[in-house]
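Next come the chains, spelled out residue by residue.
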Amino acid sequence: GCGNGTLYGIKIATGKAILQYQTVNRSAIRSTPLVHNGILYFGDWHTRLYALDIHTQDTIWTAVTVNPINDETFGAILTELAEYNNSLYFGARNNTVRAVDINTGQDLWSIYDPSGSWMPGNPVIDDTLLYIGGSDNHSLWTLDAKTGEKIWTYNAGQNIFSKPIVFDNHVLISSGSSGTYDVPNPFTKGYLHLINRTTGIVQNKFLAGGNIFTSPI
């Protein structure tokens, strides 16, 4: 997806575009597309979700997740989409984590951060639990994927823009301090956090020489 609102599908063997899809009002695409059962799902800068048939290139549905849109960034869908049990899960450039029906785009549940923090971390679902990081609240949330009920919250003390890794009884997450537009923090040190996935209690931390806004692998 591109900043001009065009989604491209490129044939690997030739490098030529075999799909070009335009968003409504050329709204920029910042989210990573998800392909599930031949349908491509992605979000745009103006809060809209899309479901696109890869083979026919027909729009199956679109859904606006914030209405009305207060400004051009509020609710922008920046995260990856996660699929589980015929539902799509994502955070956004607002204080909301949502689950929507994969067939219609209709809301199943939403959970809000009362502090107003954006929830721009990339979601992961493992064993019915949803893990997603927040920006100004510095928190990793663990939610019941079926209901949105919060299981535990871990405060990393820094912004979480990355995607957690879940393995064994652990969750691994990275963090850093983005600062503000006027006072950026390019030289702040970041951390890797090893968290007990059952209790949400940190088990170990690694201090890096700079902010960590990428996802561990």
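For clarity, every value in this text was computed on a predicted model and none was experimentally measured.

(A) Local environment of the overall build of the protein chain. A tally of regular secondary structure across the protein chain gives zero helices and 18 strands. Computed over its C-alpha atoms, the radius of gyration of the protein chain comes to 18 Å, within 12% of the 17 Å expected for a compact globule of 217 residues. The proportion of buried residues among the 217 residues of the protein chain is 47%. Of the contacts formed within the protein chain by residues at least 6 apart in sequence, a portion of 39% connects residues at least 24 apart. When the accessible surface of the protein chain is totalled, it reaches about 10800 Å², and 51% of it is carbon and sulfur. Counting 13 positive and 17 negative side-chain charges, the protein chain places the averaged centre of each group 7 Å from the other.

(B) Looking closely at the environment of Arg98. Structurally, the position occupied by Arg98 is in strand E9 (residues 96-101). Since its relative accessible area comes to 8%, Arg98 is described here as buried. Among the polar contacts listed, one links the side chain of Arg98 to the side chain of Asp107, at a separation of 3.0 Å.

(C) Spatial organisation of the sheet that holds strand E15 (residues 165-167). If you walk across this open sheet you meet the four strands as E15-E16-E17-E18, and the pairing is antiparallel. In the strand order of this sheet, the two ends are held by E15 and strand E18 (202-207), each with one partner. The sheet shows a mean angle of 15° between the axes of neighbouring strands, taken without regard to direction. Bridge analysis of strand E17 (residues 191-196) against E18 gives five bridges, and the strand direction is antiparallel. Bridged to Tyr191 within E18 is Leu207.

(D) Layout of the environment of Ser135. Mapped onto the elements, Ser135 comes out in the loop between strand E12 (129-133) and strand E13 (139-144). For Ser135, a relative accessible area of 6% puts it in the buried group. Between the C-alpha atoms of Ser135 and Ile160, which are 25 residues apart in sequence, the distance is 5.6 Å. Once residues lying within four places of it in the same chain are set aside, the contact partners of Ser135 are Ser117, Trp118, Pro120, Gln158, Asn159 and Phe161.

(E) Layout of the sheet that holds strand E5 (residues 48-53). The four strands lie next to each other as E3-E4-E5-E6, forming an open sheet whose pairing is antiparallel. At either end of the open sheet lies a strand with only one pairing partner, and these are strand E3 (34-36) and strand E6 (59-64). Averaged over neighbouring strand pairs, the angle between their axes works out to 15° when direction is ignored. Pairing of E3 with strand E4 (residues 39-43), which is carried by three bridges, proceeds in the antiparallel orientation.

(F) Examining the pattern of salt bridges more closely. Under the defined criterion, the tally for this structure stands at four salt bridges. For the salt bridge of Arg98 with Asp107, the shortest nitrogen-to-oxygen distance reads 3.0 Å. Residue Asp107 is classed as partly exposed on the basis of its relative accessible area, which comes to 45%. Of the charged contacts in the structure, one is a salt bridge between Arg197 and Asp126, with a shortest N-O distance of 2.8 Å. You can see Arg197 sitting in the loop between E17 and E18 and its partner Asp126 sitting in strand E11 (residues 124-126), a full 71 residues away along the chain.

(G) How the structure looks around unusual backbone geometry. Here the phi dihedral of Arg26 falls at roughly 55°; this positive angle occurs in a residue that is not glycine. Relative to the assigned elements, Arg26 resides in the loop between strand E2 (17-22) and E3. The phi dihedral of Asp127 falls on the positive side, at around 55°, and the residue is not glycine. Within the element layout of this structure, Asp127 appears in the loop between E11 and E12.

(H) The arrangement of the pairing of strand E14 (residues 150-155) in detail. Here E13 pairs with E14 via five bridges, running antiparallel. Of the residues in E14, the one forming a bridge with Leu140 is Tyr154. The loop that links E13 with its antiparallel partner E14 comprises five residues; one of these, Gly148, has a positive phi angle of about 85°.

(I) The nonpolar core, seen in detail. In terms of nonpolar packing, the biggest core is built from 13 residues, with Tyr41, Leu49, Trp61, Leu81, Leu88 and Phe90 touching the most fellow members. When residues of this core are traced back to their parent elements, those giving at least two are E4, E5, E6 and strand E8 (87-90). Every residue in contact with Trp61, bar those within four places of it in the chain, is listed here: Tyr41, Leu49, Tyr50, Ala51, Leu88, Asp101, Ile102, Asn103, Thr104 and Gly105.

(J) Seen up close, the pairing of E2. Direction of pairing for strand E1 (residues 6-10) relative to E2: antiparallel, over a ladder of five bridges. Within the sheet, the bridge partner assigned to Tyr8 lies in E2 and is Gln20. Adjacent in sequence and paired antiparallel, E1 and E2 are bridged by six residues, among which Gly15 carries a positive phi angle near 75°.

The rules behind the values
Residues numbered from 1 in each chain as written. Predicted model: local features only at pLDDT ≥ 70, side-chain atom pairs only at ≥ 80, totals over all residues. Heavy atoms only, no water. Helix = DSSP H or I, 4+ residues; strand = E, 2+ residues; numbered from the N terminus. Rg over C-alpha atoms; globule rule 2.2 N^0.38 Å. Buried < 20%, exposed > 50% of the residue type's maximum accessible area, 1.4 Å probe, protein only. Contact = heavy atoms within 4.5 Å. Areas by Shrake-Rupley, 256 points an atom, 1.4 Å probe, with all protein chains shown as cover. Lys, Arg positive; Asp, Glu negative; His and termini not counted. Charge placed at Lys NZ, Arg CZ, Asp CG, Glu CD. Polar contact = N/O pair within 3.5 Å; in protein donor to acceptor, adjacent residues only side chain to side chain. Pairing = 2+ DSSP bridges. Axes fitted to C-alpha atoms, helices over the stretch in contact; angles between N-to-C directions. Salt bridge = Lys/Arg side-chain N within 4 Å of Asp/Glu carboxyl O. Core = buried A, V, L, I, M, F, W, Y, C linked by side-chain atoms within 4.5 Å.

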